[in-house]
Structure formats: C-alpha cells, structure tokens
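Chain and residue survey
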2 protein chains.
Amino acid sequence: MTKVRDNGRKDAILAIAAGQFRRRGFERTSVRDIAEALGMTSGSLFYHFATKEELLVAVMEGGVRDIMQSVRDGLAGETRLPERLLSMVRSHLKALLGPRLDAMTVLLYEWRSLSPAAQSRVLALRDAYEALWMEPINEAVVLGLVESDAVLVRQTVLGALNWTAQWYRPEGRLDVDALAQSMYAMLFPRVAAASGAKSTSTLSGRGN
Amino acid sequence: MTKVRDNGRKDAILAIAAGQFRRRGFERTSVRDIAEALGMTSGSLFYHFATKEELLVAVMEGGVRDIMQSVRDGLAGETRLPERLLSMVRSHLKALLGPRLDAMTVLLYEWRSLSPAAQSRVLALRDAYEALWMEPINEAVVLGLVESDAVLVRQTVLGALNWTAQWYRPEGRLDVDALAQSMYAMLFPRVAAASGAKSTSTLSGRGN
DNA sequence: GTCTATATGCGGATAGAC
DNA sequence: GTCTATCCGCATATAGAC
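Calculation notes
- Residues numbered from 1 in each chain as written.
- Chains lettered and ligands numbered in written order.
- Predicted model: local features only at pLDDT ≥ 70, side-chain atom pairs only at ≥ 80, totals over all residues.
- Heavy atoms only, no water.
- Near = heavy atom within 4 Å.
- Polar contact = N/O pair within 3.5 Å; in protein donor to acceptor, adjacent residues only side chain to side chain.
- Helix = DSSP H or I, 4+ residues; strand = E, 2+ residues; numbered from the N terminus.
- Nonpolar A, V, L, I, M, F, W, Y, C, P; charged D, E, K, R; others polar.
- Core = buried A, V, L, I, M, F, W, Y, C linked by side-chain atoms within 4.5 Å.
- Buried < 20%, exposed > 50% of the residue type's maximum accessible area, 1.4 Å probe, protein only.
- Contact = heavy atoms within 4.5 Å.
- Least-squares fit on C-alpha atoms with pLDDT ≥ 70 in both.
- Phe/Tyr/Trp six-rings, centres within 6.5 Å; stacked < 30°, edge-to-face > 60°.
- Lys NZ or Arg CZ within 6 Å of the ring centre and 35° of its normal.

The name recorded for chain A in an unreviewed UniProt entry is HTH-type transcriptional repressor KstR2, from Hydrogenophaga pseudoflava.

1. Digging into the protein's contact with DNA strand D
Around DNA strand D, a shell composed of 17 residues is seen, among which A:Thr41, A:Ser44, A:His48, B:Arg32 and B:Lys52 lie nearest. The share of sugar and phosphate among atoms of DNA strand D within 4 Å of the protein is 59%. At 2.8 Å from a phosphate oxygen of DNA strand D is found a main-chain nitrogen or oxygen belonging to B:Lys52. Mapped by element, the contributors of at least two residues to the surface near DNA strand D are α3 (42-48) of chain A together with α2 (31-37) and α3 (42-48) of chain B. If one sorts the elements of the surface near DNA strand D by residue count, α3(A) sits on top with four residues. For the surface near DNA strand D, a count of residues per class yields four nonpolar, nine polar and four charged.

2. Structural notes on the nonpolar core
A:Phe188 and B:Phe188 are the most contacted members of the largest nonpolar core, which totals 136 residues. Dropping the residues within four chain positions of it, B:Phe188 is found in contact with B:Leu85, B:Val89, B:Val146, B:Val153 and B:Val157.

3. Digging into the relation of the copies chain B and chain A
Each copy superposes on the other: chain B lies on chain A with an RMSD of 0.1 Å after a rotation of 180° and an axial shift of 0.0 Å. Expressed as an axis order, the relation between the two copies is that of a two-fold axis. In terms of C-alpha distance to the rotation axis, chain B has B:Ala160 as its closest residue, with the C-alpha 2.2 Å off the axis. Most of the interface of chain B is mirrored in chain A: 92% of its interface residues are interface residues there too.

4. A closer look at the packing of aromatic side chains
Each aromatic ring pair is described using two quantities: the centre-to-centre distance and the angle formed by the ring planes. What the rule picks out here adds up to nine aromatic pairs over all chains. Where A:Trp163 meets B:Tyr109, the ring centres are 6.1 Å apart and the plane angle is 90°; that geometry is what we call edge-to-face. Of this pair, A:Trp163 sits in helix α8 (residues 150-167) while B:Tyr109 is found in helix α6 (residues 101-109), placing the two residues in two different chains. Side by side, A:Trp163 and B:Tyr109 carry an identical accessibility label, which is buried. Between A:Trp167 and A:Tyr168, the aromatic rings sit 6.3 Å apart at their centres with planes inclined by 75°, giving edge-to-face as the arrangement. Each member of the aromatic cluster is reached from another via a ring pair, and the members are A:Tyr109, A:Trp163, B:Tyr109 and B:Trp163. Its end group placed over the ring of A:Phe49, A:Lys10 keeps NZ or CZ at 5.3 Å from the ring centre.

Here you go:
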C-alpha cells in the first residue's frame, strides 16, 4: 500500500531533485539535469513546479516533515529522560543518514540558496523542529545533568549530529544505531550515567 | 608585526571575495560583483586570478593556513592535556568566528563548488589540520578520559565547533572565550574534571 | 594593471502544438 | 502532461587599447 498522499510524479521529481541538489548543490544543478534524469525535458518540469526555487522549498519542507515525524514516532512510549534523549539522537541520525539523506542534507546545507521570503518560511520550520529538543534538555538542566545553558547544549548536540552528514559513510565500521549510542554517551555522559547503565566512565569527581 | 607576504592587491581581492562567497555562496557571486566591490571591472580581476575557481581555492588555502597557525600558536607552551585541549577549542573558535570568519566558513561550506582536482587538494589540507587533533585526543583515550574511538571523538568535537559558524552571533551574550570554555567543558567533561579546575556553571561572574 | 568591448554558452522560464 | 522551439539575460573569460 502506498501512502495516502502519493502524488506519484511529483514525488519522483522531488526525489531526483533532492539527490542532485545534495550531490552537486542547488545552483550547479540545472532544471535540464533534473528533467533528463527523469526522462523528460525541462519544459515538462515547469508543468509541475512553477520555478526551480519552488522545487527546492518542497524538498526542504519534506525533509523537516520527515525528521519531525521520525523523532516523534521514536519518542512514543518513552517516558524516562535517558531513553528519551537516546531515542531522539537515534531518530535524528536515522532520518539524517538513512533514506532521507538527500532531503535532509539539502535542508541543512542549501538554505542560503533560498530567497529571503522562502528562507524565513523554511527556517521557521527548522526552528519548530529544534524546539522539540528543548523540553528534554531543559529537564536535564533542572536535574543538573548537563550545562546550565540549555540553548548552548542544544546547538552543540545538533551541531555534532548534523555534522555526521559530512563524514558518515554507511559502508564504514559503524552502523547508525551504534553511532547513535556512542554519540549519546559522549554528548550526555551524566544522563547516561544516571540511567544506571555503565557508561563510559566512573562518575568522575563530584557528582555535579 | 605585519605579515612578510603582503601582496597588497591580491590580498584585498581575496578578502572581498571571501566575504561575498560566505554571504552569498560561490556560484551566486559573480566576478562582476567582486570586481565592483573593489572598484574595478571584471576584466581586471582576471589579470590577478586566471579563473574564478582559482580565487576560491586561494581563499580556502588561506583559511586552512590561518587556522593551523592559530591552533599551533595557542598550543605553544601548553604541556598539560586539559590546557592543550582547551587551547585548541579556543583557537579553533577564535579562528572560525573571528576576523577569519569569511575564509573559514567558505572552507567549511563551499568545498563542493570545487572541481574534483581542486577538491582533493583542499581536502588534503583539511585533513592535515584535523590530524592536529588526534594527538591530544589519543592521549585522552589512553587516560580513559574520553570514548575509546578517537576518530569519532574528533568528528563529534569538530562538528560541534564548526556548527557554531551557523548560529553564533558576536552581538549575543556569549563572547568567544566564554563559548570556548563552555564547549570545552561539554565536550571533554572528564578531562576538565580531572584538571581539578573550576567547572563552568558556578564561576560566571568573572570575565565580562 | 586597468579599462572597454565582446565572444560564447548556459541558465531559467514561456508559448503553443499534440 | 509532455514535447519542441525559443526568448532573453547573465556568467565566465578573452582581446587588445591605454
């Protein structure tokens, strides 16, 4: 069964476009390139999307929608803080490095190609996603398990996670689950330790 | 002390180009834009640089040279591991977010605009810089103060640091020194704890 | 070293037939 | 929905005068 909203042609166009935008960048990709990869001519593309920018925006909006969905789904049923944070790290990495890699990478690295108007719309969506992280991080702050500056924690965590798109190779030794586990342990060491599991270390120094 | 190599005109071109490449991206910036900002015409630019790509490569090579210099200078005289790691974090952030912001951001985010040949040359330089981090991180691994996978630690740390270019605003509440201190404490908590020094949260009244 | 003028090609986008 | 044909502007890069 296909998804409810199966726009067929449009989705196929978006998938191809996302791949090309990621690999070659937005402005180095011509609409002729995309059309050719789809077996059509550039004139036909403009029947589906009025402008090239509209195509980029659609790719990005799909990316945000997917990662929010992924993180929310993973969170369902998790109530304890350590599991929730681990789940978010895992869902984020799976969305970023899995089948959605193209759209997610475009979202993260091509937003400067947008006109100012489109930029604020897309950045607003990104902000909404990032806001999902504030609740558990704030909880960790209250519990004294991370630095007191919750926003800085979020930027640091998301920076480390998002950067994986620049170096992670699926053929490598680490699969995404193992990567998620390791990065979680690095980025939230005191939360992981508090969960009772033996984390990387002894509870060093003062418990804080 | 002014630099020995003051090519004057060429340096001025590179500075302008770096700024435009950062703000508007490589392909959205035309050589006419750059020339106009310098008070010349596009024909004149090609007297100094044979191609637009040559300009990009020169900006990037300058960026790597500067950050390597900055990190090496900061390291001079530091012998203990905590001070060395803190120094590297600070130097990296200062190079990235300070007066070299333009070239550094271009280096990090515009390398896909390079031809394959130029790409491998520039990425080789980046690798050389990243290799600087392996020695202290390996030492921390041996001491059991970070995760055992030194490469993953490096990618995580550099990812978090490099991402600051996407969100840090100098007008904000945090200056670069304070940011460095906080990120160091987050990314190397057990090294920081082992140093016996103050942890970030409690001592805030100071610097500013 | 900088200018003017220009070659040359590719880009996004449109019109209208089928 | 897709095609062909085309408009038109802008981009890199060059030639040659000053």
